[in-house]
Each structure stands twice: as C-alpha cells, then as structure tokens.
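# What the coordinates show
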Amino acid sequence: SMRILERHGVRGMAKYIEAREIPAFVVMEWIDGPNLRVAVESGTYESWDDVMELTRELATTLQRAHKLPERVLHRDIRPSNIMIRNLYNPKEDNEVVFTDFD
C-alpha cells in the first residue's frame, strides 16, 4: 500500500523508503512532531476550529488515498498512527501525516 501511495504522490502520507519481508520491516521518512494522541493530550487541539481543521485534513488525505485506481485501505486508523508534522511551529505550518498504511 505504501508503495502505491508513494508512486501516486498522495499528500499527507509518510514517504515510503524501503521494505523487506525477511526480516520484516518498513522504513519511512522521519516525521518531526508527535503523534495525534500526544498532541491531543498536550492540549494542542482544544478549540472547535482546530478540531474541525484537523478532521478535514484527515478526511481529505484518506479520500485521496481511497480514490486511487488500486485499492488502498488503511485498516488501522488510530491516533498513534497519525503524526503532526511541525506541531511546534505556527499552526499554519502544521501538517497531518498518516503512517503505517500497510
């Protein structure tokens, strides 16, 4: 799935670098920022406007992935698999990034 997403250049996905089956591993780009669980627990997303913007970004990214000609499903959407890039910069620089798409 991550190879397909990378090939199509879907924004909002961690960039796939390499994967192997034996031993099993996937290498993705480093995302500078916490996962969504940590960001919410720290009080970053307290206002209704912030929550709605985050939700819009998540939905838009998933829609891009699910509209590809190949069938790509996440199957494990949870706060620990969603990173917030540049969280400690001004909010307009923040970017929601999905990880672990396989």
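Residues numbered from 1 in each chain as written. Predicted model: local features only at pLDDT ≥ 70, side-chain atom pairs only at ≥ 80, totals over all residues. Heavy atoms only, no water.

## Here we look at the pairing of strand S1 (residues 16–20)
- Both S1 and strand S2 (residues 25–28) contribute to a ladder of four bridges, which runs antiparallel. Across the sheet, Ala19 pairs through a bridge with Val26, a residue of S2. (Pairing = 2+ DSSP bridges. Helix = DSSP H or I, 4+ residues; strand = E, 2+ residues; numbered from the N terminus.)

## Some remarks on the nonpolar core
- Counting residues in each nonpolar core, the largest one holds 18 residues, and the members touching the most others are Leu5, Tyr45, Leu54 and Ile84.
- Those elements that place two or more of their residues in this core are helix H1 (2–8), helix H2 (36–41), helix H3 (48–66), strand S3 (82–85) and strand S4 (95–98).
- Ranked by the residues each element gives to this core, the list is headed by H3, at four residues.
- Discounting residues that sit within four places of it in the chain, Tyr45 has contacts with Leu36, Ala39, Val40, Asp50, Val51, Leu54, Ile84, Leu87 and Asn94. (Core = buried A, V, L, I, M, F, W, Y, C linked by side-chain atoms within 4.5 Å. Buried < 20%, exposed > 50% of the residue type's maximum accessible area, 1.4 Å probe, protein only. Contact = heavy atoms within 4.5 Å.)

## Looking at H3
- If you check H3, its first and last C-alpha atoms are 27 Å apart, about what 19 residues at 1.5 Å a residue would give, namely 27 Å.
- Elements in contact with the buried residues of H3: H1, H2, S3 and S4. (Expected span 1.5 Å × (residues − 1).)

## A short note on the pattern of salt bridges
- Tallied over the full model, the rule gives eight salt bridges.
- In this structure, Asp76 and Arg78 form a salt bridge, with 3.1 Å as the shortest nitrogen-oxygen distance.
- A residue is classified by how much of its surface remains accessible, and Asp76, at 25% relative accessible area, is partly exposed.
- Glu95 is the partner of Arg85 in a salt bridge, and the nearest nitrogen-oxygen pair spans 2.9 Å. Here Arg85 is found in strand S3, whereas its partner Glu95 is found in strand S4, with 10 residues between them in sequence. (Salt bridge = Lys/Arg side-chain N within 4 Å of Asp/Glu carboxyl O.)

## What about the side chain of Thr61?
- Here Thr61 lies in helix H3.
- A relative accessible area of 4% places Thr61 in the buried class.
- Not counting chain neighbours up to four residues away, the residues in contact with Thr61 comprise Val10, Arg11, Gly12, Met13 and Phe98.

## Things to note about unusual backbone geometry
- Cis geometry is adopted by the peptide bond preceding Pro23, which originates at Ile22 and carries an omega value of -15°.
- When you line up the elements, Pro23 lands in the loop between S1 and S2.

## Overview of the pairing of S3
- Along S3, one buried face is formed by Ile82 and Ile84 and the opposite face, lined by Met83 and Arg85, is buried too.
- Sheet analysis places S3 next to S4, joined by four bridges and oriented antiparallel. Along S4, the bridge assignment pairs Met83 with Val97.

These figures come from the coordinates and say nothing about function on their own.
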